[in-house]
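The primary structure of each chain is shown beneath.
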Amino acid sequence: MKSPEESVFVCRCEEVTEEEILEAIKDGATTINGIKRRTQAGMGLCQGRTCRRIITKMLVNATGQPEAEIYPPTTRPPVRTAKISEFINEEDD
C-alpha cells in the first residue's frame, strides 16, 4: 500500500485514490456506478465532472470493455436543506 504522500487522487472531492478504484475493480466493479458505490468517487461537489473520464479509462484498461459500453453514472439532482416556511405561500390565506 502506498503512503499518503505517494497516493494519486483520482477523485479529489472525495479523496479517492487510484489504488482504491483499482481495488474496487478487482472486487468486481465493472461500471462507474459500481465504483461509485464502493469508493464514493464522483459523489463530491463536482459530481464526477472531474474524475469520470479518468475512472472510465481505468475501467477500459482494467476490464478490456470498450469505452462506448461504459455508461455514465446515474445522476441525482443536488439536495439542499430548506425551511418548511419556504414552501408555504402566506398569500393564499
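Overview of the structure. Residues take numbers from 1 onward in each chain, read along the sequence in its written order. Reporting in this predicted model follows two pLDDT cut-offs: at least 70 for local features of residues, and 80 or more for side-chain atom pairs to be given and counted; totals over whole chains, interfaces and linings ignore these cut-offs and use all residues. For side-chain calculations, the full set of non-hydrogen atoms in the structure is used, while hydrogens and water are omitted.

When two helices pack together, their arrangement is given by the angle between the helix axes and the distance between those axes. Two elements in contact, helix α1 (residues 18-26) and helix α2 (residues 32-39), have axes whose closest approach is 9 Å; the angle formed by their N-to-C orientations is 115°. When you trace α1 past α2, the crossing you get is right-handed. Of the residues in α2, those touching α1 at Glu20, Ile21, Ala24 and Ile25 are Ile35, Arg38 and Thr39. Orientation is described by axes fitted as lines to C-alpha atoms, over the contacting stretch for helices, and by angles from 0 to 180 degrees between their N-to-C directions. Starting at the N terminus, helices and strands are each numbered in turn, a helix being any DSSP run of H or I of at least four residues and a strand any DSSP run of E of at least two. Handedness of a helix crossing follows the sense of rotation of the near helix relative to the far helix, less than a right angle counterclockwise being left-handed and clockwise being right-handed. Only heavy atoms matter for contacts: two residues are in contact if any of them lie within 4.5 Å across the pair.

With respect to the secondary-structure elements, Thr56 resides in helix α3 (residues 52-63). By relative accessible area, which is 9% here, Thr56 ends up buried. Relative accessible area decides the class of each residue, using a 1.4 Å probe on protein chains only: under 20% of the type maximum gives buried, over 50% gives exposed, and in between gives partly exposed.

A few words on unusual backbone geometry. The backbone of Glu15 shows a phi angle near 55°, a positive value even though the residue is not glycine. Inspection of the secondary structure puts Glu15 in the loop between β1 (9-11) and β2 (16-17). Judged by relative accessible area, Glu15 falls into the exposed class, the value being 58%. Residues other than glycine seldom take positive phi values, yet Gln47 does so here, at roughly 55°. Along the chain, Gln47 falls in the loop between α2 and α3.

Here the focus is the nonpolar core. For our purposes a nonpolar core is just a set of buried Ala, Val, Leu, Ile, Met, Phe, Trp, Tyr and Cys residues, chained together by side-chain atoms within 4.5 Å. Among the nonpolar cores identified, the biggest contains 15 residues, and Val10, Ile21, Ile35, Ala41, Ile55 and Leu59 are the most heavily contacted of them. Looking at this core, the elements that each hand over two or more residues are β1, α1, α2 and α3.

A few words on the environment of Glu14. Among the structural elements, Glu14 can be located in the loop between β1 and β2. Residue Glu14 is classed as partly exposed on the basis of its relative accessible area of 30%. Excluding residues within four positions of it along the chain, Glu14 makes contact with Gln40, Met43 and Gly44.

A few words now on the pattern of salt bridges. Salt bridges are defined as contacts in which a side-chain nitrogen from Lys or Arg sits within 4 Å of a carboxyl oxygen from Asp or Glu. Overall, the coordinates contain one salt bridge when judged by the stated rule. With a shortest N-O distance of 3.0 Å, Glu67 and Lys57 are connected by a salt bridge. Residue Glu67 is located in the segment after α3, and its partner Lys57 is located in helix α3; the two are separated by ten residues in the primary sequence. On the accessibility criterion, Lys57 (46% relative accessible area) is partly exposed.

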